[in-house]
Amino acid sequence: MLQEVKPRVLVSLRGVGKTFAPGGEALAGVDLEVRAGEFVSLLGPSGCGKSTVLRLVAGLETASAGTISRGFDDVGAAVGFVFQEPTLMPWANVFDNVYLPLRLRGQTRAGAKTPVREALALVGLSGSAEAFPRELSGGMRMRVSIARALVLRPLLLLMDEPFAALDEMTRSRLNDDLLRLQAELGATVVFVTHSVFESVYLSSRIAVMGANPGRIIAEIEPAGGVERDERFRLSAAYARCCEKVSAALRGSGAGEASI
Ligand SMILES: Nc1ncnc2c1ncn2[C@@H]1O[C@H](COP(=O)(O)OP(=O)(O)OP(=O)(O)O)[C@@H](O)[C@H]1O
């Protein structure tokens, strides 16, 4: 009998807990596995520990309980991190902002030209290398931040509410761009969001989290194999998925305001 060959596991969390202060458990018993090529969203009410999970995966925090194993050795090279704020250096132009991770790894500016240009092309900013952050729109600044995360061609892209501060239209456009990028690069993404709609649109799997203590209460795979486009946003399948995820989220103790 033919056995299904599953993509390799990039990150695995087993029974992970995190305590910041005595008596205050931010996370407890978190089990999560991320395989190559997946787009996994972490969705849940404010304070349930989504960012903490991401920071643990990135090695920016250490777990207080349980184990985290990674399918790679050099976390700095294998993981790209995109924060809610673009966190660009205001005194440096777009090229130099995207060059930063290469500079930190000892790459010369001349040697970095090709990877920086390729990263800018991926996010549609080829013509803006000389611009300064203050000259860019919010959406363009976020694209620069994504290019900076992609310049080392990470195996795993971690994104912490990257589009939350953007207007609805820019957000949808960046959602589509992100899916295109993921397909082009074969990237694996773990994405934190408060938005049911965004998580259903983007994800191959949604880990719905509950609070007090932070934990994963449901994993939902929205409409697999369906093309993500405007038709999907208007489809009954999308509406059904959003309803299912919202119901799971209500079970997490999140009020409607958080959905
Ligand atoms: N460095 C820290 N020191 C102390 N407590 C922390 C620290 N980081 C996070 N926490 C606490 O851990 C809990 C989870 O925080 P976290 O930021 O991971 O939640 P979140 O789900 O990402 O929240 P939000 O959606 O509001 O960004 C919160 O109670 C928070 O106050």
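Reading the values: the criteria
Residues numbered from 1 in each chain as written. Predicted model: local features only at pLDDT ≥ 70, side-chain atom pairs only at ≥ 80, totals over all residues. Helix = DSSP H or I, 4+ residues; strand = E, 2+ residues; numbered from the N terminus. Expected span 1.5 Å × (residues − 1). Buried ≥ 20, exposed ≤ 12 C-beta atoms within 10 Å, placed from the backbone. Arc of directions from axis to C-beta. Contact = placed C-beta atoms within 7 Å. Near = placed C-beta within 6 Å. Nonpolar A, V, L, I, M, F, W, Y, C, P; charged D, E, K, R; others polar. Pairing = 2+ DSSP bridges. Axes fitted to C-alpha atoms, helices over the stretch in contact; angles between N-to-C directions. Domains from an automatic or database assignment.

Student: How would you sum up helix α9 (residues 236–250)? Please name residues and give values.
Tutor: A rise of 1.5 Å per residue sets the reference length of α9, with its 15 residues, at 21 Å; its end C-alpha atoms lie 21 Å apart and thus fit the reference within 8%. All of the buried residues in α9 are C241, V245, A248 and L249. In an axial view of α9, the angular spread of the buried residues amounts to 100 degrees, which keeps them on one side of the axis. Turned more than 90 degrees from where α9 packs its buried face, A236, A239, E243 and A247 sit exposed. Against β3 (39–43), α7 (196–202), β8 (205–210) and β9 (215–220) lie the buried residues of α9.

Student: Residue-level account of the site of the ligand, with values.
Tutor: The environment of the ligand is made up of F20, A26, G44, S46, G47, C48, G49, K50, S51, T52 and G214. In terms of residue count, the dominant contributor to the shell around the ligand is helix α1 (residues 50–57) (three residues). Per-class residue counts for the shell around the ligand are three nonpolar, seven polar and one charged.

Student: Can you break down the sheet that holds strand β7 (residues 188–193) residue by residue, with the values?
Tutor: Reading across from one edge, β5-β6-β7-β3-β8-β9 is the order of the six strands in this open sheet, with mixed pairing throughout. Each having just a single partner strand, β5 (79–82) and β9 make up the two edges of the open sheet. Here the strands of the sheet are splayed against their neighbours by 20 degrees on average, with no regard to which way each runs. Summarising the sheet, β5 and strand β6 (residues 156–160) pair through four bridges and their orientation is parallel. Bridging from a neighbouring strand, G80 pairs with L157 of β6. Helix-sheet contacts for α1 involve β3, β6, β7 and β8, and the interaxial angle to β7 is about 155 degrees.

Student: Describe the domain arrangement of the protein chain, and please don't skip the residues or the numbers.
Tutor: Quoted interface sizes are often the accessible area lost when the parts come together. Entries for the protein chain in the domain assignment read domain 1 (9–72 + 155–254) and domain 2 (87–154). Taken together, the 10 residues of domain 1 in the interface contact six residues of domain 2. If you list the elements that add at least two residues to the side of domain 1 that touches domain 2, you get β6 and α6 (168–185). No other element matches the three residues that α6 contributes to the side of domain 1 that touches domain 2.

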